[in-house]
Amino acid sequence: MGDLDLHIIQGTAGRYPPAEINIVIDVIRAFTVSHLAFMRGAREIFLVNTVEEAFALKTQNPAYLLAGEVAGLPIAGFDLDNSPHTFSLADVNNRSLVQKTTNGVKGTLLALDAELILVTGFSNARKTARYARQVAQGRPRCRVNVVATHPSGDDDLACAHFIQSQLLGDRQVGVDAVRQRITAAQAAGKFFDPAQPEFNEKDMAFCTREVDCNFVMQVDKRLSLPRIVKFLVN
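Our subject in this report is the structure included herewith. Every chain begins its residue count from 1, and numbering advances along the sequence as written. The predicted origin of the model limits local features to residues at a pLDDT of at least 70 and limits the giving and counting of side-chain atom pairs to 80 or more, whereas totals for whole chains, interfaces and linings rest on all residues. In computing side-chain properties, one takes all heavy atoms of the structure into account and sets aside hydrogens as well as water.

## A short note on the environment of His85
As for its placement among the helices and strands, His85 is situated in helix H3 (residues 84–89). A C-alpha to C-alpha distance of 13 Å links His85 and Phe31, two positions 54 residues apart in sequence. Working rule for contacts: check all heavy atoms of both residues, and any pair within 4.5 Å makes them a contact. Excluding anything up to four places from it in sequence, His85 contacts Asn200, Lys202, Asp203 and Phe206. Strands are runs of DSSP state E lasting at least two residues, helices are runs of H or I lasting at least four, and both sets are numbered from the N terminus onward.

Have a look at this one:
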């Protein structure tokens, strides 16, 4: 491999430094949801910063499905929430989705200054890191920003450390340790709290499970609105 210039960045305070590759992480739950959506046949996922933008797109394209959350909770008038369990049952085959979330989508829209932009939760982190490593190998120097979008939680940071280990080829960060950190993270606590039944404990099983698949999630920024597409890999 050439000179790999690897940086872990946490939060969504502003645009990230230019890079050859940006890997944007949201484990609980945005990109776990996106991964499930593509496994269930979704065509594309448009990314928006505001609820108003989402509704405007739905007005222009009534067949689009709106999905997301505000403060972790479902959005009135949206077709789907931000629950992996919901998406494991939803019929999204060949549908275009519009996603609005607090951290993952916001972070991705701050990460567009890169040649290759990938998004992932833990479920597809290994495949994402492997593909990014393959791309980086063909370059004499490659800056990679690994972005843990949750501004303070350990869930996305644990996944970032796993991806860093995979990129460097040292394999020192094990799957079990990452799962433990995700489950113990502050963002996960509400899913195990009986006083907060609006957060489904079943979601955490999806957020901590590796799923073998033949694709990564790549951001296509050629259109007026960025969208996530499924990109087939070996």
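Next, the rest of the story.
## Things to note about the pattern of salt bridges
Each reported salt bridge corresponds to a side-chain nitrogen of Lys or Arg within 4 Å of a carboxyl oxygen of Asp or Glu. Under the defined criterion, the tally for this structure stands at eleven salt bridges. Of the charged contacts, one joins Arg139 and Glu115 as a salt bridge, the two residues approaching to 2.6 Å between their closest N and O atoms. Placement of the pair is Arg139 in the loop between helix H5 (125–137) and strand E7 (141–148) and Glu115 in strand E6 (residues 114–120), with a sequence separation of 24 residues. A relative accessible area of 53% means that Glu115 is categorised as exposed. Between Arg126 and Glu210 there is a salt bridge; the shortest N-O distance is 2.9 Å. A residue pair is termed long-range when its members are at least 10 positions apart, and Arg126 in helix H5 and Glu210 in the loop between helix H9 (202–207) and strand E8 (215–220) qualify at 84 residues. Judged by relative accessible area, which is 26%, Arg126 ranks as partly exposed. Under the scheme applied here, a residue whose accessible area is under 20% of the maximum for its type counts as buried, over 50% as exposed, and between as partly exposed, the area being computed with a 1.4 Å probe on protein chains only.

## Let's talk about the sheet that holds E8
One open sheet accounts for nine strands, arranged E1-E7-E2-E6-E8-E9-E3-E5-E4; its pairing is mixed. The outermost strands of the open sheet, each flanked by one partner alone, are strand E1 (3–10) and strand E4 (65–68). Ignoring strand direction, the axes of neighbouring strands in this sheet form an average angle of 30 degrees. As defined by bridge partners, strand E3 (residues 44–47) adjoins strand E5 (residues 96–100) across four bridges and the pair is classed as parallel. Paired with Phe46 across the bridge in E5 is Val98. Whenever a helix is involved, its axis is fitted only over the stretch in contact; in every case the axis is a line through C-alpha atoms, and angles between N-to-C directions fall within 0 to 180 degrees. Contacts from helix H1 (residues 30–39) reach strand E2 (19–25), E3, E5, E6, E8 and strand E9 (227–232) within the one sheet, and its direction differs from that of E8 by about 110 degrees. Against the sheet, helix H2 (residues 51–60) contacts E3, E4 and E5, and its axis sits at roughly 165 degrees relative to E4. Only when DSSP finds a minimum of two bridges between them are two strands counted as paired.

## A word on the layout of surface pockets
What the largest pocket holds in volume is close to 210 Å³. Around the largest pocket sit 14 residues that line it, and Ile28, Glu69, Gly72, Asn103 and Lys190 are the ones nearest its centre. For this classification, the nonpolar set comprises Ala, Val, Leu, Ile, Met, Phe, Trp, Tyr, Cys and Pro, the charged set comprises Asp, Glu, Lys and Arg, and every other residue, Gly included, is treated as polar. Classifying every residue of the lining of the largest pocket gives five nonpolar, five polar and four charged. Taken as a whole, the second largest pocket encloses approximately 150 Å³ of empty space. If you go around the second largest pocket, the residues you meet are Ala114, Glu115, Leu116, Ile117, Gln218, Val219, Asp220, Lys221, Arg222 and Val229. For cavity detection a 1 Å grid was placed over the protein atoms alone, and a set of points counts as a cavity when a 1.4 Å probe fits there but cannot get out; an open set counts as a pocket when protein lies on both sides within 12 Å along at least five of seven lines, with lining residues being those that have an atom within 4 Å of a point. Grid points are joined across faces, edges and corners, and a volume is the space filled by probe spheres set on the points.

Remember, this is a structural readout, not a statement about activity or role.
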